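Residue strings, one per chain:
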Amino acid sequence: MIDKLIPTQQRRTVDELVDRLDLTSGDRPAKQSAFWIMLTLSGIIAVSGVIGDSTATVIGAMIVAPLSTPILGIGLGIVTARGRLVLSSVGYVLAGVVLVVILGAVFAQLLPNPINVLTNSQVTGRTSPTLADLLAALATGLVGAVAITRRDVGDVLPGVAIAISLVPPLGVVGVCLGSGAPSLALGAFILFASNVVAMVITSVLVFTLAGVGREAAVAAGAVHRRARAYIVLLVAFVVVAVPMVVNSLTSLWAKQVATATEDWLDAGGVTSADVTSVGWSGHTVTINVLAPQDLPPIGSLKSTVEDLVPWSPEVVVVHTTGSRESG
């Protein structure tokens, strides 16, 4: 199986992988200058795309972003028990996070009222990550790890960069912080963190299956350090997965509540109404309804919502009066 996934004749050696993923080895000045220049430019492109709500611009930032190199370096360092490589790669990732977040916050402050973070599609699409995003991150990380391990499929890496989306969520974090929306910034950071954890986990898996650890001749004492790293990865995976599970369930419940509200309106004879949104705040579900006429008693809707949701949330219906005209 592994020979089909990563044919022996196409596998990169440990030295080749280290040369590609360790920014402190080989021609260090060239590697590091390229990393910082490309990261700064990709950060500027990403923030500009977020502020301008431009998907094409954000995709451009994904392609040129170099953050996947140190992230994969973390995985390689764990498998080969190279503590220095793990620490240096983590350092580059953290420094990259700070750089892009600062760029986003600065742009949000310098530009006059750059965006409405509540309606910008580049923001809203990255602030409530779900299990689907985590699954996509795991699959994309697997592709990236295979591509870096094989000599013959390097041309898929731009697609991996687009799919894994590392720098744009950080740009969203900075823009949201600069716009006074820390809760949205946290959601975007969870998306970034899940992508990082997924890429590290999948790279560890692929490097291990490819025999990179055996080739590196890991010492007995280093095996215990590697085991600790696995535990840390497992904990990190759980930490990022929990809020994504919550978001997934919240999204599911919101759809069910919206459907129940529409049924409640139909049963009450309110046929010209729209359920415009369903939102959660703690144990309260807020349902916004646009209708030109009075709404039926809320008691039956509360009972239905209590049956749908495991706890008994407080139900608040916000009724906005409107009229419909056709021409």
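One structure accompanies this document, and this report is about it. (Residues numbered from 1 in each chain as written. Predicted model: local features only at pLDDT ≥ 70, side-chain atom pairs only at ≥ 80, totals over all residues. Heavy atoms only, no water.)

1. A short note on the packing of helix α5 (residues 68-79) against helix α11 (residues 182-209)
Operational definition: Every axis corresponds to a line fitted to the C-alpha atoms, with the helix fit spanning only the stretch in contact, and the corresponding angles, defined between N-to-C directions, vary from 0 to 180 degrees. Secondary structure is summarised from DSSP: a helix means a run of H or I of at least four residues, a strand means a run of E of at least two, and numbering begins at the N terminus for each. For this classification, under 35 degrees means roughly parallel, over 145 means roughly antiparallel, 65 to 115 means roughly perpendicular, and everything else is oblique. Put simply, a crossing is left-handed when the front helix is turned counterclockwise from the back one by less than a right angle, and right-handed when it is turned clockwise. The contact criterion used is simple: two residues touch if any of their non-hydrogen atoms lie within 4.5 Å. Classes in brief: Ala, Val, Leu, Ile, Met, Phe, Trp, Tyr, Cys and Pro nonpolar; Asp, Glu, Lys and Arg charged; the others, Gly included, polar.
Where α5 meets α11, the closest approach of the two axes is 8 Å, and the angle between their N-to-C directions is 45°. Between α5 and α11, the angle falls in the class oblique. Between α5 and α11 lies a crossing whose hand is right-handed. Side by side, α5 and α11 meet where S68, I71, L72, I74, G75, L76, I78 and V79 of the first sit next to V196, M199, V200, S203, V204, F207 and T208 of the second. For the contact of α5 with α11, the class distribution of residues is 11 nonpolar, 4 polar and no charged.

2. Concerning the sheet that holds strand β2 (residues 284-290)
Inclusion rule: Any two strands are treated as partners once DSSP identifies two or more bridges connecting them.
If you walk across this open sheet you meet the 3 strands as β1-β2-β3, and the pairing is mixed. Among the strands making up the open sheet, the edge pair consists of β1 (274-281) and β3 (314-320). For this sheet, the mean inter-axis angle between neighbouring strands, taken without regard to orientation, is 20°. Note: β1 against β2, 7 bridges, orientation antiparallel. When the bridges of β2 are listed, V275 appears paired with V289.

3. Topic: the pattern of salt bridges
Condition: The term salt bridge refers to a side-chain nitrogen of Lys or Arg lying within 4 Å of a carboxyl oxygen of Asp or Glu.
On inspection of all chains with the given rule, the structure shows 4 salt bridges. In this structure, R151 engages E16 in a salt bridge whose closest nitrogen and oxygen atoms are separated by 2.9 Å. Here R151 is found in the loop between α8 (131-149) and α9 (157-164), whereas its partner E16 is found in helix α2 (residues 14-21), with 135 residues between them in sequence. Across the pair R150 and D152 runs a salt bridge whose closest N-O atoms are separated by 2.8 Å.

4. Details of the pairing of β2
Operational definition: We call a crossover right-handed when, viewed with both strands directed away from the observer, the connection leading from the first strand over the helix to the second proceeds clockwise.
Linkage of β1 to β2, two consecutive antiparallel strands, is achieved through a turn of 2 residues, within which G282 is found at a positive phi near 65°. Pairing of β2 with β3 involves 7 bridges; the strand directions are parallel. If you follow T284 over to β3, its bridge partner there is E314. What joins β2 to β3 is helix α14 (residues 299-308), and the crossover it makes is right-handed.

5. Some remarks on unusual backbone geometry
The criterion, for reference: A simple rule labels every residue: compare its accessible area, found with a 1.4 Å probe on the protein chains alone, to the largest value its type can have, and call it buried under 20%, exposed over 50%, or partly exposed in between.
Positive phi, close to 50°, is recorded for D53, a residue that is not glycine. You can call D53 partly exposed: its relative accessible area is 33%. Even without being a glycine, A81 presents a positive backbone phi close to 55°. Tracing the backbone shows A81 in the loop between α5 and α6 (83-110).

6. Considerations on helix α3 (residues 28-51)
Just so we agree on the cut-off: Here, expected helix span is obtained from the residue count minus one, scaled by 1.5 Å.
For α3, which comprises 24 residues, the first-to-last C-alpha distance of 34 Å matches the rise-based estimate of 34 Å (1.5 Å per residue) to within 8%. Taken together, the buried positions of α3 are K31, F35, L39, S42, G43, A46, V47, G49, V50 and I51. Where α3 is buried, its residues contact α2, α4 (55-64), α5, α6, α7 (121-124) and α10 (167-178). Of the residues one or two after α3, D53 is the one with positive phi, at around 50°.

7. Things to note about the packing of aromatic side chains
Applied cut-off: For Phe, Tyr and Trp, where Trp contributes only its six-membered ring, two rings pair if their centres lie within 6.5 Å, and the inter-plane angle classes them as stacked under 30 degrees, edge-to-face over 60, or tilted in between.
For the coordinates displayed, the defined rule picks out 7 aromatic pairs. Between the aromatic rings of F35 and W36, the centroid separation amounts to 4.9 Å while the plane-to-plane angle is 80°, which identifies the pairing as edge-to-face. According to the relative accessible area criterion, W36 is partly exposed, its value standing at 31%. An angle of 40° between the planes, with centres 6.0 Å apart, marks the rings of W36 and Y92 as tilted. Pair noted here: W36 is in helix α3 and Y92 is in helix α6, with a separation of 56 residues, a long-range link. Ring pairs connect the aromatic residues F35, W36 and Y92, which therefore count as one cluster.

8. Comments concerning the side chain of S194
As for its placement among the helices and strands, S194 is situated in helix α11. Among all residues touching S194, those that are not within four sequence positions of it are L134, A137, V240 and M244.

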